[in-house]
Amino acid sequence: MTAQRKIILEEIENTRAHPAAHEVYEMVRRRLPRISLGTVYRNLEVLSEYGLIRRMDLGDGQYHYDGNTEEHYHVRCTECGRITDLFMDPVCDLEGTIARQTGYEIAGYRLDFFGLCPVCRRTRESENTAAPPVLGSRKSSEQGEENHEGGNQSG
Ligand SMILES: [Zn+2]
Ligand SMILES: [Zn+2]
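Residues numbered from 1 in each chain as written. Chains lettered and ligands numbered in written order. Predicted model: local features only at pLDDT ≥ 70, side-chain atom pairs only at ≥ 80, totals over all residues.

1. Some details on the pairing of strand β4 (residues 83-86)
Counted only if it meets this: The rule for pairing is simple: two strands pair if DSSP sees at least two bridges between them. A run of H or I in DSSP becomes a helix once it reaches four residues, and a run of E becomes a strand once it reaches two; helices and strands are each numbered from the N terminus.
Judged from the 4 bridges that link them, strand β3 (residues 73-77) and β4 form a sheet pairing that is antiparallel. Pairing of Arg76 across the sheet is with Ile83, part of β4. Once β3 ends, the chain turns through 5 residues before running back antiparallel as β4, passing Gly81 with a positive phi of about 85°.

The following block contains the structure:
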């Protein structure tokens, strides 16, 4: 394995952020300032072909790379794009069930979740409960009503 490829692999293994290719590029560039995006792409392809990293399509239009090649699921935030690992027992004999039902030899499957992450949920809740912006002209019309009886002047 080339030194470049090793560093790319290390960077992906050391993060749980499931970076996209351009994010891997930014990470690797700190250690290899002269590396090109194309080189990063090529190495990512090779590493996922070797099964050393996992390449995932989570439906947001770009591949993400995972250093954890163990079987696990993911949930992606539709607001900020954060991807969180989901460790739970694999769905009970899903492949066997489908193979029996369809006669296919199942080579694999994808099961991904998406929704709002805790941070974005909090942001959305605070936006919903926040008071509406105060309009500057509202108060003066209320005072206009009260001024109606204000003819108490001595003179
Ligand atoms: Zn989020
Ligand atoms: Zn993962």
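Now, onward.
2. With respect to the confidence of the model for the protein chain
Rules: pLDDT runs from 0 to 100 and stands for how confident the predictor is about each residue. A residue pair is marked as a contact if its C-beta atoms, positioned from the backbone, fall within 7 Å.
Of all residues in the protein chain, 82% attain a pLDDT of 70 or more, and the chain-wide mean is 86. Counting interchain partners and residues more than four positions distant, the pLDDT-below-50 stretch residues 139-146 has 0 contacts.

3. Things to note about the sheet that holds β3
Put simply, the rule reads: Axis definition: a line fitted to C-alpha atoms, over the contacting stretch in the case of helices. Angles run 0 to 180 degrees between N-to-C directions.
Reading across from one edge, β4-β3-β5 is the order of the 3 strands in this open sheet, with mixed pairing throughout. Bordering the open sheet on either side are β4 and β5 (112-115), each of which pairs with just one other strand. Each strand of the sheet is rotated relative to its neighbour by a mean of 25°, with strand direction disregarded.

4. Here we look at the packing of helix α2 (residues 21-29) against helix α3 (residues 37-49)
So the rule is basically this: Oblique is the label for every angle not falling under 35 degrees (roughly parallel), over 145 degrees (roughly antiparallel), or within 65 to 115 degrees (roughly perpendicular). Handedness of a helix crossing follows the sense of rotation of the near helix relative to the far helix, less than a right angle counterclockwise being left-handed and clockwise being right-handed. Residue classes follow a fixed rule: Ala, Val, Leu, Ile, Met, Phe, Trp, Tyr, Cys and Pro count as nonpolar, while Asp, Glu, Lys and Arg count as charged, and any other residue, Gly among them, counts as polar.
For the pair α2 and α3, interaxial distance at closest approach is 9 Å and the crossing angle is 115°. On the basis of the axis angle, α2 is roughly perpendicular to α3. The two elements α2 and α3 meet at a crossing, and its hand is right-handed. Here Ala21, His22, Val24, Tyr25 and Val28 of α2 lie close against α3, whose contacting residues are Leu37, Val40, Tyr41 and Leu44. Residues of the contact of α2 with α3, tallied by class, amount to 8 nonpolar, 1 polar and no charged.

5. Some points on the nonpolar core
The line we're drawing: Joining buried Ala, Val, Leu, Ile, Met, Phe, Trp, Tyr and Cys residues through C-beta atoms within 7 Å gives a set, and that set is a nonpolar core. Whether a residue is buried, exposed or partly exposed is read from the other C-beta atoms within 10 Å of its own C-beta, which are placed from the backbone; 20 or more gives buried, 12 or fewer gives exposed, and intermediate counts give partly exposed.
By size, the foremost hydrophobic cluster in this structure holds 11 residues: Ile8, Leu9, Ile12, Val24, Tyr25, Val28, Val40, Leu44, Leu47, Ile53 and Tyr65. Contributing elements (two or more residues each) for this core: α1 (3-13), α2 and α3. The contacts of Val24, once residues within four sequence positions are left out, are Ile8, Glu11, Ile12, Pro19, Val40, Leu44 and Tyr65.

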